[in-house]
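Listed below are the residues making up each chain.
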Amino acid sequence: DDSEDEGGMGASDSLVPPAVLKERIQDVVEVLADFKNRRTDGRSRADYMDRLAEDLCEYYGYIRELADMFLQMFSPAECVEFMEASDQSRPLVIRTNTLKTRRKDLAQALIKRGVHLDPLASWSKVGLKILESQVPIGATPEYLGGHYMI
């Protein structure tokens, strides 16, 4: 039964290792970037876009409709870049409740509890980026007392 799926378009695609999927995504993006010179005879741009959408869904875990929407919004290379960036974990950031404390005082209290942090950015006077913590950030007395929000 598996021999039917050897063409690359069957049900066995879900068993493709992630490294192979990633390489296939990059190959299709390169073909689409220079479609006139790199395409395989007999395959249309729609075939390549369909293959790309299926592979993106499998690799990044998106539903097909969302992958199709991103492929309409962005070029294939930009779409892959967007999905890759969306797959990265975001830093944990807290916001100081300025009605109860100052950012400086909150930072000092959290540092005493074993939290490694940095000010969020020069434009924010209330944000702190948590780099590492020995205690759960959502269970500190400061959090429970309303001194910051996650």
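Residues numbered from 1 in each chain as written. Predicted model: local features only at pLDDT ≥ 70, side-chain atom pairs only at ≥ 80, totals over all residues. Heavy atoms only, no water.

Visitor: Break down the environment of Ala 67 for me, citing the residues and quoting the values.
Guide: Residue position: Ala 67 is located in helix H4 (residues 64–73). A relative accessible area of 0% places Ala 67 in the buried class. Sequence separation of Ala 67 and Ile 111 is 44 residues, and the distance between their C-alpha atoms is 42 Å. The contacts of Ala 67, once residues within four sequence positions are left out, are Ala 53, Cys 57 and Met 83. (Helix = DSSP H or I, 4+ residues; strand = E, 2+ residues; numbered from the N terminus. Buried < 20%, exposed > 50% of the residue type's maximum accessible area, 1.4 Å probe, protein only. Contact = heavy atoms within 4.5 Å.)

Visitor: A description of the sheet that holds strand E4 (residues 148–149) should follow, citing residues and the corresponding values.
Guide: Spatially, four strands are ordered E2-E3-E1-E4 in an open sheet, and the strand pairing comes out antiparallel. The open sheet is flanked by strand E2 (115–119) and E4, the only strands paired with a single partner. Here strand E1 (residues 92–96) pairs with strand E3 (residues 127–133) via four bridges, running antiparallel. Along E3, the bridge assignment pairs Leu 92 with Ile 130. Each of E1, E2, E3 and E4 touches helix H6 (residues 103–112); the most contacted strand, E2, lies at about 155° to it. (Pairing = 2+ DSSP bridges. Axes fitted to C-alpha atoms, helices over the stretch in contact; angles between N-to-C directions.)

Visitor: I'd like a rundown of helix H5 (residues 76–87), residues and numbers included.
Guide: An α-helical segment advances 3.6 residues per turn. Residues three or four places apart therefore align on the same side. Across its twelve residues, H5 extends 17 Å between first and last C-alpha, which sits within 8% of the 16 Å expected from 1.5 Å per residue. Listing the buried residues of H5 in full gives Pro 76, Cys 79, Val 80 and Met 83. End-on, the buried residues of H5 take up no more than an arc of 95°, which puts them together on one face. At its buried positions, H5 is contacted by helix H1 (18–33), helix H3 (45–60) and H4. (Expected span 1.5 Å × (residues − 1). Arc of directions from axis to C-beta.)

Visitor: Please provide a residue-by-residue account of the packing of H1 against H3, values included.
Guide: Packed helix pairs are specified by the crossing angle of their axes together with the interaxial distance, meaning the distance between the axes. The contact between H1 and H3 brings their axes to 10 Å, and the two run at 150°. For the element pair H1 / H3, the angle class is roughly antiparallel. The handedness of the crossing between H1 and H3 is left-handed. Contacts between H1 and H3 pair Pro 18, Leu 21, Lys 22, Arg 24, Ile 25, Val 28, Val 29, Val 31 and Leu 32 from the former with Arg 45, Tyr 48, Met 49, Arg 51, Leu 52, Asp 55, Leu 56, Glu 58, Tyr 59 and Tyr 60 from the latter. (Parallel < 35°, antiparallel > 145°, perpendicular 65-115°, else oblique. Left-handed = near helix turned anticlockwise from the far one by under 90°.)

Visitor: Describe the pairing of E3, with residues and values.
Guide: With five bridges connecting them, E2 and E3 associate as antiparallel partners. Among the inter-strand pairings, Pro 119 is bridged to a residue of E3, identified as Leu 128.

Visitor: Please provide a residue-by-residue account of the packing of aromatic side chains, values included.
Guide: In the structure shown here, the tally under the stated rule is seven aromatic pairs. Summarising the aromatic geometry, the rings of Phe 70 and Phe 74 are spaced 6.4 Å apart at their centres and angled 35° between planes, so their arrangement reads as tilted. Judged by its relative accessible area of 9%, Phe 70 falls in the buried class. Since its relative accessible area comes to 24%, Phe 74 is described here as partly exposed. Relative to Phe 82, the ring of Phe 74 lies with its centre 5.2 Å away and its plane at 35°, an arrangement referred to as tilted. Taken together, Tyr 62, Phe 70, Phe 74 and Phe 82 form an aromatic cluster joined through their ring pairs. Arg 43 extends its terminal NZ or CZ atom over the ring of Tyr 48, reaching a point 4.4 Å from the ring centre. Against the face of Phe 35 rests Arg 45, its NZ or CZ located 5.9 Å from the ring centre. (Phe/Tyr/Trp six-rings, centres within 6.5 Å; stacked < 30°, edge-to-face > 60°. Lys NZ or Arg CZ within 6 Å of the ring centre and 35° of its normal.)

Any functional reading would require information that these geometric values do not contain.
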